[in-house]
Amino acid sequence: MDLLRVEAISKNFGGVAAISNFSMVQPYNTISAIIGPNGAGKTTTFNMISGVQTVDTGKIFLEDVEITKLPSHKIQRFGVSRTFQNIRLIEGLSVIDNVKLSYTSRLTYTMFEEFIHSPRVRKNETVLEDIAMEYLEFFDLSKYAKSKPKSLSYGLQRRLELARALMNEPKLLLLDEPAAGLNPAETRELMGTIQKIQEQKNLSIIIVEHHMDLVMKICSIIHVIDFGKKIAEGTPQEIIKNKAVLQAYLGDMGGEIC
Ligand SMILES: Nc1ncnc2c1ncn2[C@@H]1O[C@H](COP(=O)(O)OP(=O)(O)OP(=O)(O)O)[C@@H](O)[C@H]1O
Ligand SMILES: [Mg+2]
């Protein structure tokens, strides 16, 4: 059984097909990529898998559970975490509170327990704090725990997003352009971090990314979409030689893939 199975999903916006009949499987313990020129439908695909946007037609399964129509918080509980193309950190909260917040939605207390700050609430908060700190340490961010996200460099904010996404202990991690805005050194470092996450946490990762060196080095399977349609799927070696892919990129990005 595969971890994720996407069966012919489609999404239209006012008659414009953002993505049509897109299918893919994601095995366990694998890093794969979805690539394609601007506007190809990559983010829309992530939005449907993570429940941020509804699916018009098609089905999505996580292991043997159909998640097609589930709201995003339920899909998250089933083990899908994601990051966003534009960094989405909460500025008013400290670095550690940003990480904790992604988990607190799982904890349910009665209003009375919250009001009196009961022992159960206090115990859970201490445990949460410890777990969040472990994730910050994993990403070498613990010294910034009490800082505000804005005081961190772009590269560190991207790492903080990863810490926050992992706090939910996902089986599947979706990363939408994790290297956007990073310089080449930060991008190389991120590449190593993504591989480390995959190996140490035993999870599966799908990356949407324009940095082809990153994709080619760390992904075992690449899915290519163009104008909302899948035009190729294969290993990096296969994709780099694929005529339809070269055509799509030469038209749009001046051959960045070469
Ligand atoms: N909420 C929306 N309303 C209307 N059209 C949308 C919406 N979201 C996406 N689209 C359109 O759907 C198409 C696919 O957009 P999408 O954001 O998925 O592309 P992308 O591959 O992620 O592009 P990029 O590389 O620029 O991030 C585009 O034509 C876009 O304009
Ligand atoms: Mg996008």
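Residues numbered from 1 in each chain as written. Chains lettered and ligands numbered in written order. Predicted model: local features only at pLDDT ≥ 70, side-chain atom pairs only at ≥ 80, totals over all residues. Heavy atoms only, no water.

Turning our eyes to something else, we now look at the site of ligand 1. As a matter of local geometry, ligand 1 sits amid 13 residues, with G39, K42, T43, T44 and Q85 nearest to it. N38 places a polar side-chain atom, nitrogen or oxygen, 3.1 Å from an oxygen atom of ligand 1. Residue Q85 places a side-chain N or O atom 2.7 Å away from an oxygen atom belonging to ligand 1. About the coverage of ligand 1: the protein hides 61% of its 640 Å² of free accessible area. Tallying contributions element by element places helix α1 (residues 42-49) first for the shell around ligand 1, with three residues. Classifying every residue of the shell around ligand 1 by side-chain character gives three nonpolar, eight polar and two charged. (Near = heavy atom within 4 Å. Polar contact = N/O pair within 3.5 Å; in protein donor to acceptor, adjacent residues only side chain to side chain. Areas by Shrake-Rupley, 256 points an atom, 1.4 Å probe, with all protein chains shown as cover. Helix = DSSP H or I, 4+ residues; strand = E, 2+ residues; numbered from the N terminus. Nonpolar A, V, L, I, M, F, W, Y, C, P; charged D, E, K, R; others polar.)

Once that is clear, we can look at the coordination of the magnesium ion (ligand 2). Each protein donor to the magnesium ion (ligand 2) is listed here as T43 (OG1) and Q85 (OE1); together their distances run 2.0 to 2.2 Å. Separated by 42 residues along the polypeptide, T43 in helix α1 and Q85 in the loop between β6 (80-83) and α3 (95-104) bring together distant segments of the chain. Its relative accessible area of 27% is what places T43 among the partly exposed residues. The class of Q85 is partly exposed, set by a relative accessible area of 30%. (Donors = N, O, S within 2.8 Å, 3.2 Å for Na, K, Ca; no water. Buried < 20%, exposed > 50% of the residue type's maximum accessible area, 1.4 Å probe, protein only.)

Here six strands make up an open sheet; going across it, the order is β6-β7-β8-β3-β9-β10 and the pairing mixed. If you trace the sheet from one side to the other, it starts and ends with β6 and β10 (229-234), each paired once. The sheet shows a mean angle of 15 degrees between the axes of neighbouring strands, direction not considered. Here four bridges tie strand β3 (residues 31-35) to strand β8 (residues 204-208), and the two strands are oriented parallel to one another. Across the sheet, residue A33 finds its bridge partner in β8, namely I207. The sheet strands contacting α1 are β3, β6, β7 (172-176), β8 and β9 (221-226), and the helix crosses β7 at an angle near 150 degrees. With respect to the sheet, helix α6 (residues 154-166) is in contact with β6 and β7, its orientation differing from that of β6 by roughly 165 degrees. (Pairing = 2+ DSSP bridges. Axes fitted to C-alpha atoms, helices over the stretch in contact; angles between N-to-C directions. Contact = heavy atoms within 4.5 Å.)

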